[in-house]
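# Inside the fold
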Amino acid sequence: MIENSGIKILLADDDVDIIEFIRYNLAKEGYQVFSALNGKEALEKAKLEIPHLIILDIMMPVMDGIEACQEIRNVPELNNTLVTFLTARSEDYSQLAGLEAGADDFIQKPIKPKILVSKVKSLLRRLNTGSDKEGTLSLQTIVVDKEKYTITYKDVKHSLPKKEFELLALLASKPNKVFRREEILTEVWGDDVIVGDRTIDVHIRKIREKMDIGIIKTIKGVGYKYED
């Protein structure tokens, strides 16, 4: 468990009993655990601690989990931080809203200790696999810096939220290759996260709006490709 001592996890839930339950089980595994009682407090502590993983409840006072996630994804220093929602709500629209806000996954209430620990370990493994993809990708009009999570397009630098960055980086990794929707979902969101086609479309739209980028082409009925 010593190998987990450098891993920081931030919990945000307005239920103190749930916070203590999760804190106890994660601390037993050696993780450094911090807590917040609402989304605003979570955002402030995230900026201060720069955790590896943030576990957010969706329904919280002051600032809910969806709003907090959106704010977190706009903080460049937190681009490498994983975010998962802790929720008793299983409705599709709730999960879709969370994923569109930039979440990496969901943990469902009620929580069993073994499942909680297993889920956290699975999420944190994504940080390790991501280290194999570090480096800089330079094309004709775009530079993708995978270490700093920045995109330079036509000499203008952009800092995108994590999922938008990963999606654009994937498309740019193989110019003119058509990435099927299934492939995009697997590469960006993972096999164990269930998301719909609309999630991809929303992220593509956000990228286009922020960067006025015309080199992402839609292949109707198939997916997307990057043309440089």
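Up top you'll find the structure we're talking about.
This structure is a prediction, so every number in the text was calculated from the model and none was measured.

## A word on the pairing of strand β8 (residues 150-153)
Direction of pairing for strand β7 (residues 142-145) relative to β8: antiparallel, over a ladder of four bridges. Residue V144 lies in a different strand from β8, and its bridge partner there is I151. Counted along the chain from β7 to the antiparallel partner β8, the turn is four residues long, and its residue Y149 has a positive phi close to 55 degrees. Relative to strand β9 (residues 156-158), β8 runs antiparallel, the two being bridged by three bridges. When the bridges of β9 are listed, I151 appears paired with H158. The antiparallel pairing of β8 with β9 creates a hairpin that spans two residues between the two strands, and K154 there sits at a positive phi of about 55 degrees.

## Quick notes on the environment of K177
Along the chain, K177 falls in the loop between α6 (162-173) and β10 (178-180). We classify K177 as partly exposed; its relative accessible area is 27%. On a C-alpha basis, the gap between K177 and Y224 in space is 8.4 Å, while along the polypeptide they are 47 residues apart. Those residues in contact with K177, other than ones at most four positions away along the chain, are E183, Y224, K225 and Y226.

## A closer look at the pattern of salt bridges
Across all of its chains, the model carries 17 salt bridges by this definition. The residue K162 makes a salt bridge to D104 at a minimum N-O spacing of 3.4 Å. Placement of K162 in helix α6 and of D104 in the loop between α4 (92-100) and β5 (105-108) is noted, with a sequence separation of 58 residues between them. Take K162 and D104: they sit in the same class, and that class is buried. Residue K163 is joined to E166 by a salt bridge in which the shortest nitrogen-to-oxygen separation is 3.5 Å. Of the two residues, K163 and E166 both sit in helix α6, three residues apart, roughly one turn of that helix. Within the structure, one salt-bridge network assembled from shared partners comprises R73, D104, K162, K163 and E166.

## Notes on the environment of V16
Structurally, V16 can be placed in helix α1 (residues 16-28). Along the sequence, V16 and L37 sit 21 residues apart, while their C-alpha atoms lie 7.7 Å from each other.

## Re α6
With 12 residues, α6 should cover 16 Å at 1.5 Å per step; its first-to-last C-alpha distance of 16 Å lies within 8% of that length. For α6, the tally of buried residues reaches 10 of 12 residues, placing the bulk of the element in the interior. Buried residues of α6: K162, K163, E164, F165, L167, L168, A169, L170, L171 and A172, and no others.

## Thoughts on helix α3 (residues 65-72)
Among the residues making up α3, those that are buried are G65, I66, A68, C69 and I72. Buried residues in α3, looked at end-on, bunch into an arc of 165 degrees, giving them a common side. You can read the cap of α3 off the contacts: a side-chain oxygen lies 3.1 Å from the backbone nitrogen of I66, and it is on D64.

## Thoughts on the pairing of strand β12 (residues 223-226)
Neither face of β12 is exposed, since G223 and K225 on one face and Y224 and Y226 on the opposite face are all buried. Note that β10 and β12 share three bridges and pair antiparallel. Across the sheet, residue F179 finds its bridge partner in β12, namely Y224. Relative to β12, strand β11 (residues 216-219) is paired through four bridges, and the arrangement is antiparallel. Among the inter-strand pairings, I216 is bridged to a residue of β12, identified as Y226. Once β11 ends, the chain turns through three residues before running back antiparallel as β12, passing G221 with a positive phi of about 80 degrees.

What counts and what doesn't
- Residues numbered from 1 in each chain as written.
- Predicted model: local features only at pLDDT ≥ 70, side-chain atom pairs only at ≥ 80, totals over all residues.
- Heavy atoms only, no water.
- Pairing = 2+ DSSP bridges.
- Helix = DSSP H or I, 4+ residues; strand = E, 2+ residues; numbered from the N terminus.
- Buried < 20%, exposed > 50% of the residue type's maximum accessible area, 1.4 Å probe, protein only.
- Contact = heavy atoms within 4.5 Å.
- Salt bridge = Lys/Arg side-chain N within 4 Å of Asp/Glu carboxyl O.
- Expected span 1.5 Å × (residues − 1).
- Arc of directions from axis to C-beta.
- Polar contact = N/O pair within 3.5 Å; in protein donor to acceptor, adjacent residues only side chain to side chain.

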